Amino acid sequence: MKILMASSEAVPWAKTGGLADMVSALSINLANLGHDVRIVIPRYYPIDRSKLKLLPDAMGTPMGGGIQEWSAVYETVMPGTSGKNPVKVYFIDHEIFFGRDGIYGNAIETDFIDNSRRFTFFSRAVFQLCRKIKWYPDVLHAHDWPAAVAPVYLKFAERAAGSSGEFKKTVSVLTIHNLGYQGIYHKDNFGYAGLGWDVFYNGGFEDWNMLNMLKAGLYSADKINTVSPNYARETMTQAHGFRLDGVLRYRNADYCGILNGIDTDVWNPTKDKYIPETYSLENMAGKVKAKKALQKEFGLHEDPNVPVIGMVTRLTDQKGVGELFGPTYGSAWSICRDMDLQMILLGSGEYWCESETSGLASRLSNFNVRIGYSEKISHLIEAGSDFFLMPSRYEPCGLNQMYSLVYGTLPIVRSTGGLVDTVQNYDEKTGDGTGFMFEQLNPSSIYNTVGWAVWAWYNRPKDIKKMQERGMTQDFSWERSAQKYIELYEATFRTQGIKIPKGNEPDVLEIAAEKPKKEALKETPNKEKQNKDTLKKELPYKELLIKESPGKEALKKEPPKIKETAAGKTKKSEPDKPKKTAAANTKKSASQKTTKSAADKTKKKKK
Ligand code: ADP
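### So, the sheet that holds strand S16 (residues 367–371)
- Strand order in the open sheet formed by six strands is S16-S15-S14-S17-S18-S19, with parallel pairing between adjacent strands. Either end of the sheet is taken by a strand with one partner, and the two such strands are S16 and strand S19 (436–438). Taking each pair of neighbouring strands and ignoring which way they run, the sheet shows an average axis angle of 15 degrees.
- Where strand S18 (residues 410–414) meets S19, three bridges bridge the pair, whose relative direction is parallel. Residue arginine 414 lies in a different strand from S19, and its bridge partner there is phenylalanine 438.
- Running over the sheet, helix H17 (residues 443–459) touches strand S14 (308–315), strand S17 (387–390), S18 and S19 and is turned about 160 degrees from S19.

Written out as structure tokens, the structure reads:
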């Protein structure tokens, strides 16, 4: 298959989050399966042109109002791919739109005023690029709102009656990486798209009289998916749908979730270059060394006998940082004050959170923070921590919990989105599970669940060891996810009534030219019938949605025991040995009387 990834980000060139990792990793893995995969992204100012190959001649892209946008096109090959299946990467170099610092905005202007135009142009330029290189994809795979208008162009311009026909057999898939970002702008921008005003309504752009780029993509793409099965289900509910749950329910038959993989070359304790010593399940000495190095790096007491809770995150509301670090109400202060643990944070983001966590670090001896972005330190945190905390408000997939599992670091997570698909809650009776989960996002749930995890660390070391082993042997490889994307592409061809391309077939343009005209004319009614038939047969696609929900099922059977807290466990645990539990290590303070802590509640119950 010929697959074109259209994205605003791809590592190693442009990254603000997991999208960039996913686009490159998926492309590489699809290429490894024998497909011809190419990526197109804008060429932003920091991307060094001298390292890329300039394609001859400028490229013109016709936009609304008779505007012809001129850009250069650069090409390179994805590092690590070459030989038989290289992933070619194209850069659309439009100086006015992309020759600036920042992908979507900068410190002064967080959302560039012309973002609608920048990315509408990009979505249109994708087709001009294909014409320029005379390569027409079987699958146009667009990612998130910045590329979401590309499927709209495919449906309403490139595949519509009267089009030049090169994309007649191209199908589109749109992946939602984060429904919270939709690209909503004033509808005055729509004229620039060069699509008729009927498409403003029929194509799904209209959103309370504004222009919504993601919504248009969700309406128009042949299939849509998101990055975990559980997030797919959640986004169809009002609570998690960011006002687009209705659109997603409407597209339910064409919507599924496929769990992201992780880069097992980079995130692998047996070959990690950033940690003092690699380690594996058979020899965990490297993890002990990593913990010592981490404690040293963060200026904490180098003590192997105290559990370390690590965090690497964007400091934004989505990640639950309000409930954890919010001034006066966040639980981080009580956690660090009451429990015998150390807490470490690496992150950057909202100013209030950066300053609040820095303030906390100056007042607490067992908490420290590093504000900024560091690949090296993030690896050290994954390897050196005993637990990894992710109290996310919502989490489309989440990568860090998967990194944590394979590094033998137990995740403490809120049961939302992809976290449900990847972490199994601890069961005290059987010792089963791979992490600790809570349902409600509030300061006391975080407090209680951290307390529970720390209690288990001090009191149930055998269970902790077994959980580590389970996590370290999980398969989060991209090979598995890439195979599911192939199934999704195949399902898309079936619903569109297009033959699934096999191997290196001739370009669709050549196929169209070979067909006698009569045949082509007959195609429409047959196609409709075929669509219905194939919809019925579409088992593999539907299975993607239905089968992948072990996490949720597990949760139903075994709800997270957030009430049984550190303190509760102290009383229950064997009385003969002096237990070094979170509660046992509770530092008594006056403020504890006013804090209705888990410890207080449990004590009252016992009376
Ligand atoms: P999101 O894309 O919502 O930020 P993900 O968990 O999907 O969340 O991916 C975030 C990625 O960015 C992870 O690889 C994480 O380790 C990395 N990351 C986030 N903040 C930092 C930071 N301050 N330093 C290093 N890596 C970071």
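### A word on the pairing of strand S1 (residues 2–6)
- Counting buried residues along S1, five of its five residues qualify, which places the element largely inside the surrounding structure.
- Across the two faces of S1 the burial is the same, with Lys2, Leu4 and Ala6 and Ile3 and Met5 all buried.
- Where S1 and strand S2 (residues 36–42) come together, five bridges link them in parallel fashion. Bridge pairing links leucine 4 to arginine 38 in S2.
- As defined by bridge partners, S1 adjoins strand S7 (residues 139–143) across four bridges and the pair is classed as parallel.

### Quick notes on the environment of alanine 20
- Topologically, alanine 20 is positioned in helix H1 (residues 18–32).
- Residues alanine 20 and serine 7 lie 13 residues apart in sequence; the distance between their C-alpha atoms is 8.2 Å.
- Beyond its immediate chain neighbours, meaning those up to four positions away, alanine 20 contacts Glu9, Ala10, Val11, Ala14 and Lys15.

### Overview of the pairing of strand S5 (residues 68–77)
- For S5, the tally of buried residues reaches seven of ten residues, placing the bulk of the element in the interior.
- Two strands pair when backbone bridges link them, and strand S3 (residues 53–54) and S5 are joined in this way by two bridges, in the antiparallel orientation. Looking at the pairing, leucine 54 lines up with tyrosine 74 of S5.
- Pairing between strand S4 (residues 59–62) and S5: four bridges, direction antiparallel. Among the inter-strand pairings, proline 62 is bridged to a residue of S5, identified as glutamine 68.
- Hairpin connection, S4 to S5: the antiparallel pair is bridged by five residues, and glycine 65 has positive phi, about 70 degrees.
- Across six bridges, the pairing between S5 and strand S6 (residues 88–93) is antiparallel.

### Side note on the site of the ligand
- Around the ligand, a shell composed of 16 residues is seen, among which Gly18, Arg314, Lys319, Gly372 and Leu399 lie nearest.
- Arginine 314 has a polar side-chain atom sitting 2.7 Å from an oxygen atom of the ligand.
- In the complex, the protein chains occlude 90% of the 560 Å² of accessible area that the ligand would expose alone.
- Elements supplying a minimum of two residues to the shell around the ligand: S14, strand S15 (342–349) and helix H15 (400–406).

### Digging into the nonpolar core
- Counting 98 residues, the largest nonpolar core has Phe205, Leu218 and Tyr489 as its most contacted members.
- Sequence-distant contacts of tyrosine 489, defined by excluding residues within four places in its chain, comprise Met1, Ile3, Met5, Leu26, Leu30, Val139, His141 and Val173.
- Grouped together as the second largest cluster of nonpolar side chains are 40 residues, Val306, Ala332, Leu441 and Trp457 included.

### Some details on the packing of helix H3 (residues 115–133) against helix H5 (residues 149–158)
- Between H3 and H5, the shortest axis-to-axis distance is 8 Å and the interhelical angle comes to 60 degrees. Taken together, the axes of H3 and H5 are oblique relative to one another. The two elements H3 and H5 cross, and the hand of that crossing is right-handed. Two secondary-structure elements touch here, H3 through Thr120, Ser123, Arg124, Phe127 and Arg131 and H5 through Val149, Ala150, Tyr153, Leu154 and Glu158.
- Considering only residue class, the contact of H3 with H5 consists of five nonpolar, two polar and three charged.

### Structural notes on the packing of aromatic side chains
- Enumeration according to the criterion identifies 31 aromatic pairs in this entry.
- Ring centres of phenylalanine 200 and tyrosine 201 lie 5.1 Å apart, and the angle between their planes is 90 degrees; on these two criteria the pair is classed as edge-to-face.
- According to the relative accessible area criterion, phenylalanine 200 is buried, its value standing at 0%.
- With centroids separated by 5.1 Å and ring planes inclined at 65 degrees, the aromatic side chains of phenylalanine 242 and tyrosine 394 adopt a geometry described as edge-to-face.

### Structural notes on the pattern of salt bridges
- Counted under the stated rule, the structure contains 27 salt bridges.
- The salt bridge partner of aspartate 207 is arginine 243, with a shortest N-O separation of 2.8 Å. Taken together, the residues span a long stretch of sequence, with aspartate 207 in strand S10 (residues 206–207) and arginine 243 in the loop between helix H8 (229–235) and helix H9 (245–250) at a distance of 36 residues.
- Under the relative-accessibility criterion, aspartate 207 is labelled buried at 7%.
- Here the residues in one salt-bridge network are Arg43, Arg49, Asp93 and Glu95, joined through shared partners.

### Describing helix H19 (residues 478–496)
- Between its terminal C-alpha atoms H19 stretches 27 Å, which fits the 27 Å expected from 19 residues at 1.5 Å a residue.
- Within two residues after H19, glycine 497 carries a phi angle of roughly 70 degrees, on the positive side.

Rules and cut-offs
Residues numbered from 1 in each chain as written. Predicted model: local features only at pLDDT ≥ 70, side-chain atom pairs only at ≥ 80, totals over all residues. Heavy atoms only, no water. Pairing = 2+ DSSP bridges. Helix = DSSP H or I, 4+ residues; strand = E, 2+ residues; numbered from the N terminus. Axes fitted to C-alpha atoms, helices over the stretch in contact; angles between N-to-C directions. Contact = heavy atoms within 4.5 Å. Buried < 20%, exposed > 50% of the residue type's maximum accessible area, 1.4 Å probe, protein only. Near = heavy atom within 4 Å. Polar contact = N/O pair within 3.5 Å; in protein donor to acceptor, adjacent residues only side chain to side chain. Areas by Shrake-Rupley, 256 points an atom, 1.4 Å probe, with all protein chains shown as cover. Core = buried A, V, L, I, M, F, W, Y, C linked by side-chain atoms within 4.5 Å. Parallel < 35°, antiparallel > 145°, perpendicular 65-115°, else oblique. Left-handed = near helix turned anticlockwise from the far one by under 90°. Nonpolar A, V, L, I, M, F, W, Y, C, P; charged D, E, K, R; others polar. Phe/Tyr/Trp six-rings, centres within 6.5 Å; stacked < 30°, edge-to-face > 60°. Salt bridge = Lys/Arg side-chain N within 4 Å of Asp/Glu carboxyl O. Expected span 1.5 Å × (residues − 1).

As far as function goes, none of this settles anything; it's purely spatial.
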